[in-house]
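Next come the chains, spelled out residue by residue.
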Amino acid sequence: MKEEGRKNSTVSPCAACKLLRRRCTQECVFAPYFPADEPHQFAIVHRVFGASNVSKLLQEIAVQHRGDAVSSLVYEANARVRDPVYGCVAAISSLHRQIQALQAQLAVAHAQMAHLRTQNAAYLARVGLGHGQISMGGAGCSTSTGSSSSLSPKHHTLDMVALDQPGSSQPPVW
C-alpha cells in the first residue's frame, strides 16, 4: 500500500509547483522542463508569460518539441526582462546589423583583391612578362595561363609573383 502512494507523488516538487505552492504530481506538465534546482528559470517565465499561458502552450505542443519551446520561452523571458519593449527583437536586429556590416567589409575585401590582381597583371605586362612565363620552380607558385581563372571568385588567394631580379628598377608589387 505504501508503494502505491509513492508512485503517485514525486519526492521533490518541480520549480513551477514550488513557486506556485502547489503539490507536484507525476502528470505535472512543468516537471520535465523546470527542475527544482533551477527555480529562477520558471520564475522569469512565470513573470513574463504567466503559468496558465505556459501550461496551455506546453499541452498544445507535441512532447518531442516541448523542450525547444521551453528553451525559447526562457530566452524570450530573459530578453523581455532586460528590454521590456523589444525583447529578443533587439538582439536579432543587432545581429542583422552586424551581418550587414560584415558583408560590406567582405565586398570591400573582394574589390581590393580584384584591384591588386589587376595591378599585378598590369605590372607583369609592363615589365614584359606575360602569363605563363614565370614559375617559381618547386614552390608551387606560378602564374595562371588564363586570365578568367585568376579573377574567378572560387580562388581565395591572391596570385602575385615576386620579381627579385637583378637589374629590375621597380620594386615588387607588395
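Not measured: the values here are computed from a predicted model.

Considerations on the confidence of the model for the protein chain
When the pLDDT values of the protein chain are averaged, the result is 78; 68% of them are 70 or greater. Within the model, pLDDT remains below 50 along residues 1-10, and this stretch shows 7 contacts once partners closer than five positions in the same chain are excluded. With pLDDT under 50 throughout, residues 134-168 is counted as low confidence; its partners more than four residues away or in other chains account for 47 contacts.

A word on a nonpolar patch on the surface
On the surface, Val85, Tyr86 and Val89 cluster together to form a nonpolar patch covering roughly 320 Å² of accessible area. Mapped onto the fold, Val89 is located in helix 6 (residues 88-127).

Remarks on helix 4 (residues 51-60)
Listed in full, the buried residues belonging to helix 4 are Ala51, Val54, Ser55 and Leu58. Down the axis, helix 4 shows its buried residues gathered within 100 degrees of arc, on one side only. Those residues of helix 4 that are buried lie in contact with helix 2 (15-20), helix 3 (39-49) and helix 5 (66-82).

A look at the packing of helix 4 against helix 5
The geometry of helix 4 relative to helix 5 is characterised by a closest axis approach of 9 Å and an angle of 150 degrees between their N-to-C directions. Judged on the interaxial angle alone, helix 5 and helix 4 are roughly antiparallel. Read as a crossing pair, helix 4 and helix 5 show a hand that is right-handed. Along the contact surface, helix 4 presents Val54, Leu57, Leu58 and Gln59, while helix 5 presents Arg66, Val70 and Leu73. Among the residues making up the contact of helix 4 with helix 5, the classes are represented as 5 nonpolar, 1 polar and 1 charged.

A few points about the packing of aromatic side chains
According to the stated counting rule, one finds 3 aromatic pairs in the structure shown. When the centroid spacing of 5.1 Å and the interplanar angle of 75 degrees are considered together, the rings of Phe34 and Phe42 count as edge-to-face. Each member of the pair, Phe34 as well as Phe42, carries the same accessibility label: buried. Among the aromatic residues, ring-to-ring pairing joins Phe30, Phe34 and Phe42 into one connected group.

Topic: the packing of helix 3 against helix 5
At a minimum axis separation of 9 Å, helix 3 and helix 5 run at an interaxial angle of 70 degrees. By the angle between their directions, the pair helix 3 and helix 5 is classed as roughly perpendicular. As helix 3 packs across helix 5, the resulting crossing turns out to be left-handed. Only Leu73, Val74, Glu76, Ala77, Asn78, Arg80 and Val81 of helix 5 make contact with helix 3, whose side of the interface consists of Gln41, Ile44, Val45, Arg47, Val48 and Phe49. Of the residues belonging to the contact of helix 3 with helix 5, the class tally is 8 nonpolar, 2 polar and 3 charged.

Conventions we followed
- One numbering rule holds for all chains: residues counted from 1, following each sequence as written.
- Selection of residues for local features in this predicted model requires a pLDDT of at least 70, selection of side-chain atom pairs for listing and counting requires 80 or more, and totals for whole chains, interfaces and linings are taken over all residues.
- Excluded from the side-chain calculation are hydrogens and water; included are all heavy atoms of the structure.
- The score called pLDDT rates the predictor's confidence residue by residue, from a low of 0 to a high of 100.
- The contact rule is simple, with two residues in contact once any of their heavy atoms fall within 4.5 Å.
- Patch membership requires over 30% relative accessible area and the absence of a salt bridge. Like charges are linked within 9 Å, and nonpolar side chains (Val, Leu, Ile, Met, Phe, Trp, Tyr) within 5 Å.
- Surface accessibility in these figures is a Shrake-Rupley result with a 1.4 Å probe; residues are shielded only by whichever protein chains are displayed.
- The salt bridge criterion pairs a side-chain nitrogen of Lys or Arg with a carboxyl oxygen of Asp or Glu, the two atoms within 4 Å.
- In this text, helices come from DSSP runs of H or I with a minimum length of four residues, and strands from runs of E with a minimum of two, each type numbered from the N-terminal end.
- Each residue gets one of three labels from its accessible area relative to the maximum for its type: buried under 20%, exposed over 50%, partly exposed in between, using a 1.4 Å probe on protein chains only.
- This arc describes the spread of directions from the helix axis toward the C-beta atoms.
- Helix axes are fitted to C-alpha atoms over the stretch in contact, other axes to C-alpha atoms as well, and angles between N-to-C directions run from 0 to 180 degrees.
- Should an angle lie under 35 degrees it is considered roughly parallel, over 145 roughly antiparallel, and from 65 to 115 roughly perpendicular; all remaining angles are considered oblique.
- Left-handed is the label given to a crossing in which the near helix is rotated counterclockwise from the far helix by less than a right angle, and right-handed is the label when the rotation is clockwise.
- Basically, the charged four are Asp, Glu, Lys and Arg, the nonpolar ten are Ala, Val, Leu, Ile, Met, Phe, Trp, Tyr, Cys and Pro, and anything else, Gly included, counts as polar.
- Paired rings are identified among Phe, Tyr and Trp, the last through its six-membered ring, by centres lying within 6.5 Å, and are further divided according to the angle between planes into stacked (under 30 degrees), edge-to-face (over 60) and tilted (the rest).

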